[in-house]
Amino acid sequence: MPALTKTDKSDNSDVISKSIAFFNRWGILILALVMLAVSVIHILPPFNADIINYDSSYQYFLTKHSLSDIMKLLPEDYSPPLYTLLLKLWTYIFGSSLLAMRSFSIFIIWGLIFLAAFPVRAAFGKRASVICMLLYTLSYVNFLLVPEIRPTVLAYFLTAACAIYMYLALFKGYHYAYICMTVFAVLGMYTHNVSMLAALSFYIVSFAFTIISKQKKKTLYFFLSGVVCALSYCPWLIVVMKQFSNVKKNYWANSIISSSLVIDWTYDIHFGYASGLVTYLIFIFIAIMLLIHVVKMRNCKTLNDIRKKFAPHRAEFVSVLYCGLMYVAPIITLILFTRLVYPIIATRYFYILSSLMVILLSVVIGKLFDTKLFLACIVLFIVSSVSYTHLTLPT
């Protein structure tokens, strides 16, 4: 075999450099398109199921009414009107069969993949984007969401979108992000009461960050955005207070809330039957990363030494802290509202906030894990998805 000449080597290096440049530019888009296709294949079994649960049957028959009847019935429901109205418009185009109504949820899952591919990448980088896309595509939540015809499906997406664009507005200063976060907040408030309370907690956390960091201009922007949300919600406020009163008198669901149930519905639910394995391994990985940082700080004798050690990673830790608060704050808000105001929250509604856990987990892995642990997590998520899919599908 003849030896490569300098020209051949330069040609090979040009091909490699061009390939790297191509994937750096288009890799995320290609991966997103692949994930869109995989997401459809992944949800086909529950998508084609003939059974329908109680909540979905309620929404199914409500949507079959005329638009004028729906407008009369909506105030007697315990959910805001947006999902029902959008689904009714959807049936005008695609029909009112069970299959047609379920198909509306596919576009919501595609919306989550879009968020992971572009806004998450802009906010947290490529690694976080890849993990986020993978989780949103292979999540066990999709097995639960797609067969359901309920506002929680849309709220799952809108809550994540509001949080991501709020991060882009706060930390990146993108002007379009202020518009997007306001729009998604208002849409979420008109979709589900959990999204309404989540948006409130998002604004509190972000407003506090602007004050602590002494960013007066951003404080003003967030205040104005909050005012727009409040004014936009005023027309529905009188209706929702009546709904809350009806729920308090007649709501049938058990609203017992515990930390284990919250974890089940916001974290474990994404990994299905493999949740225990994934949970333990992720915690082990995080413990390894913390141990590495402790070892690096063993020579630190003063607080200034510790600050110098963490200085290069300050942005990463601030991102993780903010995302952690954006996950915890809505949970605390919902629990306080349920305990002190009205018992409107059933435990299963917490899966709406599981989209925030996906973002937090993606940021932790993408920002703090090294390449080996990052790749190990990808393999782990794929294996867990295959395992629960195998256990879920009939043999």
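About the criteria used
Residues numbered from 1 in each chain as written. Predicted model: local features only at pLDDT ≥ 70, side-chain atom pairs only at ≥ 80, totals over all residues. Heavy atoms only, no water. Helix = DSSP H or I, 4+ residues; strand = E, 2+ residues; numbered from the N terminus. Buried < 20%, exposed > 50% of the residue type's maximum accessible area, 1.4 Å probe, protein only. Core = buried A, V, L, I, M, F, W, Y, C linked by side-chain atoms within 4.5 Å. Contact = heavy atoms within 4.5 Å. Axes fitted to C-alpha atoms, helices over the stretch in contact; angles between N-to-C directions. Parallel < 35°, antiparallel > 145°, perpendicular 65-115°, else oblique. Left-handed = near helix turned anticlockwise from the far one by under 90°. Nonpolar A, V, L, I, M, F, W, Y, C, P; charged D, E, K, R; others polar.

(A) Main features of unusual backbone geometry. Although it is not a glycine, K214 sits at a positive phi angle of roughly 55°. One can find K214 in the loop between α11 (193–212) and α12 (216–250). On the basis of relative accessibility, which here comes to 71%, the residue K214 falls in the exposed class.

(B) Just the nonpolar core, in detail. Ranked by size, the top nonpolar core spans 102 residues in total, and within it F124, Y136, F157 and M166 carry the most contacts. At 17 residues, helix α9 (residues 151–172) tops the list of elements feeding residues into this core. Once residues lying within four places of it in the same chain are set aside, the contact partners of Y136 are I109, L112, A116, N142, Y156, A160, S355, V358 and I359. Among the nonpolar cores identified, the runner-up in size contains five residues, and F47, I106, I109 and V146 belong to it.

(C) Quick look at the packing of α9 against helix α17 (residues 354–368). Where α9 meets α17, the closest approach of the two axes is 8 Å, and the angle between their N-to-C directions is 40°. Looking at the two axes, α9 sits oblique to α17. Here the hand of the crossing between α9 and α17 comes out right-handed. Between α9 and α17, the contacting residues are Y156, T159, A160, A163 and I164 on the first element and S354, S355, L356 and I359 on the second. Residue classes in the contact of α9 with α17 are distributed as six nonpolar, three polar and no charged.

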